[in-house]
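Structural features, examined
These are the residues of each chain, in order.
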Amino acid sequence: FCTQSNDFALGLPVVKALYQDDAPAMVSMLYLLAPVSLLLLNPIGFLLMGAYEPERPDGAATGSSVNRGLRVLGRVASTPLVACTFWGSCFN
């Protein structure tokens, strides 16, 4: 439906208006989908953005693709948005 900061600001009134009488459980589904998008969709986007590294002007090699992949994965896992959402989901 929506991702990022508009999950609840735009999504909650629309879902309440559409599904409050027929399927009240749909409102609670919005609360489940926001962390899922933060834990799945955002890291995928971060990985895709981090996987691209422009060539260095001096022509030096940046390392093997495995090393680069691990480095990008470590950066994504240490992103505050991903880390805090992960730990919040674990402890909640």
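Note: the structure precedes this text.
Each chain has its residues counted from 1, running along the sequence as written. Under the rules for a predicted model, residues below a pLDDT of 70 receive no local features and side-chain atom pairs below 80 are neither given nor counted, while totals for whole chains, interfaces and linings still include all residues. Excluded from the side-chain calculations are hydrogens and water; all other atoms, namely the structure's heavy atoms, are used.

**Overview of the overall build of the chain**
Put simply, DSSP marks the helices as runs of H or I at least four residues long and the strands as runs of E at least two long, and each gets a number from the N terminus on. In terms of regular secondary structure, the chain is built from 4 helices and 0 strands. Counted from the first residue to the last, the chain has its helices and strands arranged as α-α-α-α. Every one of the 92 residues in the chain was classed for burial, and the buried ones make up 17%. Across the chain, every contact between residues at least 6 apart in sequence was considered, and the portion connecting residues at least 24 apart equals 47%. All accessibility values rest on the Shrake-Rupley procedure with a 1.4 Å probe; residue burial counts only the protein chains present in the view. When the accessible surface of the chain is totalled, it reaches about 6800 Å², and 67% of it is carbon and sulfur. Exposure classes here rest on a 1.4 Å probe applied to the protein chains alone. A residue is buried below 20% of its type maximum, exposed above 50%, and partly exposed in between. Any pair of residues with heavy atoms lying within 4.5 Å of one another is described as a contacting pair.

**Things to note about a nonpolar patch on the surface**
Exposure above 30% relative accessible area and the lack of any salt bridge qualify a residue for a patch; like charges then connect within 9 Å, and the nonpolar side chains Val, Leu, Ile, Met, Phe, Trp and Tyr within 5 Å. A carboxyl oxygen of Asp or Glu within 4 Å of a side-chain nitrogen of Lys or Arg is what we treat as a salt bridge. Judged by side-chain polarity, Val 14, Leu 18, Tyr 19, Met 26, Met 29, Leu 32, Leu 33, Val 36, Leu 40 and Leu 41 come together as a nonpolar surface patch covering roughly 910 Å² of accessible area. Examining the composition of the nonpolar patch, we find that 7 residues originate from one element, helix H2 (residues 25-51), more than from any other. Relative to the elements of secondary structure, Met 29 occurs in helix H2.

**Digging into the environment of Gly 74**
With respect to the helices and strands, Gly 74 occurs in helix H3 (residues 65-77). Taking C-alpha positions, Gly 74 is 9.9 Å from Leu 47, a pair spaced 27 residues apart along the chain.

**A short note on the packing of H2 against H3**
Helix packing for two helices is described by the angle between their axes and how far apart those axes are. Where H2 meets H3, the closest approach of the two axes is 9 Å, and the angle between their N-to-C directions is 140°. Judged by the inter-axis angle, H2 sits oblique to H3. As for the relative orientation of H2 and H3, their crossing is right-handed in sense. Along the contact surface, H2 presents Pro 43, Phe 46, Leu 47, Gly 50 and Ala 51, while H3 presents Arg 68, Val 72, Leu 73 and Val 76. All residues other than Ala, Val, Leu, Ile, Met, Phe, Trp, Tyr, Cys, Pro, Asp, Glu, Lys and Arg, Gly among them, are scored as polar; the first ten of these are nonpolar and the last four charged. Residue composition of the contact of H2 with H3, grouped by class: 7 nonpolar, 1 polar and 1 charged. Here, axes are lines fitted to C-alpha atoms. For helices the fit covers the stretch in contact, and angles between N-to-C directions go from 0 to 180 degrees. Throughout, the term roughly parallel applies to angles under 35 degrees, roughly antiparallel to angles over 145, roughly perpendicular to angles from 65 to 115, and oblique to all others. Handedness of a crossing follows from how the near helix is turned relative to the far one, being left-handed for an anticlockwise turn of less than a right angle and right-handed for a clockwise one.

**Things to note about the packing of aromatic side chains**
By convention, a stacked pair of Phe, Tyr or Trp rings (six-membered ring in the case of Trp) has centres within 6.5 Å and planes under 30 degrees apart, an edge-to-face pair has planes over 60 apart, and any other such pair is tilted. By the definition in use, this model includes 2 aromatic pairs. With a centroid separation of 6.0 Å and an interplanar angle of 25°, the aromatic rings of Trp 87 and Phe 91 are classed as stacked. Placement of both Trp 87 and Phe 91 in helix H4 (residues 80-91) is noted, with a separation of 4 residues, approximately one turn of the helix. The exposure class of Phe 91 is exposed, given its relative accessible area of 70%. Within the aromatic cluster, the residues linked to one another by ring pairs are Phe 86, Trp 87 and Phe 91.

**Examining the packing of H2 against H4**
For the pair H2 and H4, the least separation of the axes is 10 Å and the interaxial angle reads 150°. Regarding the angle of H2 to H4, the classification is roughly antiparallel. Note on packing geometry: the crossing formed by H2 with H4 is left-handed. Contacts between H2 and H4 pair Pro 35, Leu 38, Leu 39, Asn 42, Pro 43 and Phe 46 from the former with Leu 81, Val 82, Thr 85, Phe 86 and Ser 89 from the latter. Counted by class, the contact of H2 with H4 contains 8 nonpolar, 3 polar and no charged residues.

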